[in-house]
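Here's the letter readout for the chains.
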Amino acid sequence: MRARLLILFTLSTIWAYAQPALIDDEASKKTKNLYHFLNNVSSRQILFGHQDDFSYGVSWWDERGKSDVKEVTGKYPAVIGWDFGGLGDSRNLDSVSFLTIKKGVKYAYKLGAINTVSWHMKNPLTGDDAWSKVITVREILPGGSAHANYTSQLDLFAKTIRTFRSGLFGKIPIIFRPFHEHNGDWFWWSKEYCSEEEFIQLWRFTVDYLKNEKKLHNLIYAYSPDKSRFDIQELEKSYLYGYPGDEYVDVIGLDNYWDVGNKYNRNTDEEKKKQLTESILLISKIAKEKNKVAALTETGNPGLKQSNWCTEILLNPLKNAGEESSIAWMLLWRNADKGYFYVPYKGHDQEEDFKSFEQDDATLFLEDIVNPYK
Ligand code: BMA
């Protein structure tokens, strides 16, 4: 009997060690459960996510229960993206009120969906938007002239995250994806406006501050460089540029779009599809080596300019990555209006394709999963 117990104990200990662990050892039980859920799902299927799905669609605004994705497929996305750009104002950079975000996060959690927050953060030095092209990072690090401005942004962030509660005490787990696409040249935190070391310091300072000073223990931290502007060979060389270290990252992510107007835009669709498969394999491999979860943190082609986009351009390359692929979720960007959208809406000519995408065994929508927090 004792020997059997010992074996059981040993096996469960090995299992616990083999499972990736969050960087925050004080993370709440539900946050840890969510991370394990993501890890388990990633070896078999891919969760479907959509930015701002509960906030608006191409022809509606702020109506609880409505979703462009649900109107076409009959199901909600399993992952809902939100953005904190404009924090401190009443509405975010895309005019979604922060009250709507709070209510939406709670609603999503109640339904058993997963919330992820990106942050097109205003420049704490100048007050301009995230695209402001000014040397900033060194000024907001400790000792810099705008450090206090930066910490007050983080204070506000923490205050907002604390309102994401279910019941009096239940803190809703959030996948937090700060400083995305830092290897590009379009945001103030990108490669163009700070050194690699400064970026690493910024990331580490942020995580330490939120975890240790603000005592937030419901965050899963996602790192997400851009692939769109880089060829796969360049990505392989530079994916870890500015990587803040295994103690500071939970998710090995990637942003990859189809519409980008640079030299790689001349690649044929076949080449782009091949590169999507290769980049998925690349991040899956890095995640495996580091014992982390991998994800396609942003993707899409605005206006769906190729036919059967969801199945042929997105899903097939993901499936082609085969068993070595371990992507937990993919997140398509927002449906703002009929001129700018990423997901087929009711009446769009790729509705049927989106339905096939949903029905494919590889994809998981909200109704396909059971409580990821348990
Ligand atoms: C970009 C565009 C912008 C938007 C920003 C933040 O990719 O969609 O219109 O303001 O993301 O959501």
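The structure under discussion appears in the preceding block.
Residues numbered from 1 in each chain as written. Predicted model: local features only at pLDDT ≥ 70, side-chain atom pairs only at ≥ 80, totals over all residues. Heavy atoms only, no water.

## Overview of the overall build of the protein chain
This is how it is decided: A run of DSSP states H or I qualifies as a helix once it reaches four residues; a run of E qualifies as a strand once it reaches two. Both are numbered from the N-terminal end. The reference for a compact globule is 2.2 Å times residues^0.38; the radius of gyration itself is calculated from the C-alpha atoms. The buried label goes to any residue with under 20% of its type's maximum accessible area, the exposed label to any with over 50%, and the partly exposed label to all in between, with areas taken from a 1.4 Å probe on protein chains only. Two residues form a contact once any of their heavy atoms are found within 4.5 Å. Positive: Lys, Arg. Negative: Asp, Glu. His and the chain ends are not part of the count. Taken as the charge centre is NZ of Lys, CZ of Arg, CG of Asp or CD of Glu, depending on the residue.
If you tally the helices and strands in the protein chain, you get 11 helices and 13 strands. Against the 2.2 N^0.38 benchmark of 21 Å for 374 residues, the protein chain shows a C-alpha radius of gyration of 20 Å, consistent with a compact globule. Along the first, second and third principal axes, the C-alpha set of the protein chain runs to 65 × 50 × 45 Å. Looking at the protein chain as a whole, 60% of its 374 residues qualify as buried. The long-range fraction of contacts in the protein chain, counting pairs at least 24 apart against all pairs at least 6 apart in sequence, stands at 74%. Looking at the protein chain, you have 47 positive and 52 negative side-chain charges, and the mean spots of the two groups are 7 Å apart.

## Here's the deal with the site of the ligand
Stated formally: Here a residue counts as near a molecule or strand whenever at least one of its heavy atoms sits within 4 Å of it. A 3.5 Å cut-off defines polar contacts: any pair of N or O atoms within that distance qualifies, except that in protein one atom must be a possible hydrogen donor and the other a possible acceptor, and neighbouring residues in sequence count only when both atoms are side-chain atoms. Accessible surface is estimated by sampling points in the Shrake-Rupley manner with a 1.4 Å probe; for residues, cover comes only from the protein chains shown. Each residue gets one of three labels, nonpolar for Ala, Val, Leu, Ile, Met, Phe, Trp, Tyr, Cys and Pro, charged for Asp, Glu, Lys and Arg, and polar for the others, Gly among them.
By nearness alone, every residue bordering the ligand is listed as Leu 93, Asp 94, His 120, Trp 131, Trp 333, Arg 334 and Tyr 340. Within the side chain of Asp 94, one N or O atom sits 2.5 Å away from an oxygen atom of the ligand. Out of a free accessible area of 310 Å², the ligand has 74% covered by protein chains. Taken together, the residues of the shell around the ligand break down into 4 nonpolar, 1 polar and 2 charged.

## Describing the pattern of salt bridges
In plain terms, the rule: The salt bridge definition used is simple: a Lys or Arg side-chain nitrogen within 4 Å of an Asp or Glu carboxyl oxygen.
Using the criterion set out here, one finds 17 salt bridges in the structure. Ionic pairing is found between Lys 285 and Glu 289, a salt bridge with its closest N-O pair at 3.8 Å. One end of the pair, Lys 285, and the other, Glu 289, are both in helix H9 (residues 269–290), 4 residues apart, so they sit about a helical turn from each other. Accessibility expressed as a relative area gives 59% for Glu 289, which makes it exposed. Overlapping salt bridges bring together Lys 75, Glu 358 and Asp 368 as one network.

## Here's the deal with the packing of helix H10 (residues 309–320) against helix H11 (residues 351–359)
Any two packed helices are characterised by the angle at which their axes cross and by the distance between the axes. The condition is simple: All axes here are fitted lines through C-alpha atoms, helices being fitted over the stretch that makes contact, and every angle between N-to-C directions spans 0 to 180 degrees. By definition in this entry, angles of less than 35 degrees are roughly parallel, angles greater than 145 are roughly antiparallel, angles of 65 to 115 are roughly perpendicular, and the rest are oblique.
It is the contact of H10 with H11, at a shortest axis distance of 8 Å, that shows an interaxial angle of 45°. By the angle between their directions, the pair H10 and H11 is classed as oblique. Listed contacts from H11 to Trp 309, Cys 310, Thr 311, Leu 314 and Leu 315 of H10 are Asp 353, Phe 354, Ser 356 and Phe 357. When grouped by side-chain class, the residues that make up the contact of H10 with H11 number 6 nonpolar, 2 polar and 1 charged.

## Things to note about the packing of aromatic side chains
Worth spelling out the cut-off: Each Phe, Tyr or Trp ring (for Trp, its six-membered ring) is paired with any other whose centre lies within 6.5 Å, and the angle between the two planes then decides the class: stacked below 30 degrees, edge-to-face above 60, tilted in between. Distance and angle both matter: a charge sits over a ring if NZ of Lys or CZ of Arg is within 6 Å of the ring centre and within 35 degrees of the ring normal.
Inspection of every chain in the model, using the stated rule, returns 36 aromatic pairs. The interplanar angle of 85° and the centroid separation of 5.4 Å between the aromatic rings of Tyr 340 and Tyr 342 together place this pair among those described as edge-to-face. Using a relative accessible area of 4% as the deciding quantity, one classes Tyr 342 as buried. Taken together, the ring pairs connect Trp 131, Phe 179, Trp 186, Phe 187, Trp 188, Trp 189, Phe 199, Trp 203, Tyr 223, Tyr 239 and Tyr 243 into an aromatic cluster. Directly above the ring of Tyr 241 sits Lys 191, whose terminal nitrogen or CZ lies 4.7 Å from the centroid. The lysine or arginine in question, Arg 229, covers the ring of Trp 186, its NZ or CZ lying 4.0 Å from the ring centre.

## Here's the deal with the environment of Ala 21
Its place among the elements puts Ala 21 in the loop between helix H1 (2–18) and helix H2 (29–42). Considering only alpha carbons, one finds Ala 21 and Ile 174, 153 residues apart in sequence, at a separation of 16 Å. Excluding residues that lie within four positions of it along the chain, Ala 21 makes contacts with Tyr 35 and Asp 250.

## Focus: the packing of helix H6 (residues 147–162) against helix H7 (residues 196–213)
Stated precisely, the cut-off is as follows: Definitions for this section: a left-handed crossing has its near helix turned counterclockwise from the far helix by less than a right angle. A right-handed crossing has that turn clockwise.
Running from N to C, H6 and H7 point in directions that differ by 45°, and their axes come no closer than 11 Å. Considering the angle they form, H6 stands oblique to H7. Handedness of the H6/H7 crossing: right-handed. Across the interface between the two elements, His 147, Tyr 150, Thr 151, Leu 154, Asp 155 and Phe 157 of H6 pack against Leu 202, Phe 205, Thr 206, Tyr 209 and Leu 210 of H7.

## Section: H11
Using the following cut-off: Regarding the arc, it is the one traced by the directions from the helix axis to the C-beta atoms.
Along H11, the residues that are buried comprise Glu 351, Asp 353, Phe 354, Phe 357 and Glu 358. One face of H11 carries all of its buried residues, which in axial projection span an arc of 160°. When the buried face of H11 is taken as reference, the exposed residues oriented beyond 90 degrees from it are Glu 352 and Gln 359. Considering only its buried residues, H11 is in contact with strand S1 (46–51), helix H3 (68–73), H10, strand S12 (327–332) and strand S13 (363–364).

## Section: the nonpolar core
Rule in force here: Grouping buried Ala, Val, Leu, Ile, Met, Phe, Trp, Tyr and Cys residues that are joined through side-chain atoms within 4.5 Å yields what is termed a nonpolar core.
Counting residues in each nonpolar core, the largest one holds 116 residues, and the members touching the most others are Leu 47, Phe 84, Phe 157, Trp 189 and Trp 329. Top contributing element to this core by residue count: H7, with 7 residues. Apart from the residues within four sequence positions on either side, Phe 157 is in contact with Phe 84, Leu 87, Trp 119, Phe 176, Leu 210, Leu 216 and Leu 219.

## What to know about the environment of Val 96
Looking at the secondary structure, you find Val 96 in the loop between strand S4 (79–83) and helix H4 (98–111). According to the relative accessible area criterion, Val 96 is buried, its value standing at 2%. The spacing of Val 96 and Lys 292 is 196 residues in sequence and 32 Å in space, taken between C-alpha atoms. Apart from the residues within four sequence positions on either side, Val 96 is in contact with Asp 52, Ser 55, Tyr 56, Trp 61, Ser 90, Arg 91 and Ile 101.

## Regarding the pairing of strand S9 (residues 219–223)
Put simply, the rule reads: Classification remark: right-handed applies to a crossover when, strands pointing away from the viewer, the course from the first strand over the helix to the second runs clockwise. Pairing between strands is defined by DSSP: at least two bridges between them are needed.
Taken across its 5 residues, S9 has 5 buried, putting it largely inside the fold. Here S9 shows no split at all, with Leu 219, Tyr 221 and Tyr 223 on one side and Ile 220 and Ala 222 on the other all buried. Remark: the strand S8 (residues 174–177)/H7/S9 crossover connection has right-handed handedness. As defined by bridge partners, S9 adjoins strand S10 (residues 251–257) across 2 bridges and the pair is classed as parallel. By the bridge assignment, Ala 222 is partnered in S10 with Val 251.

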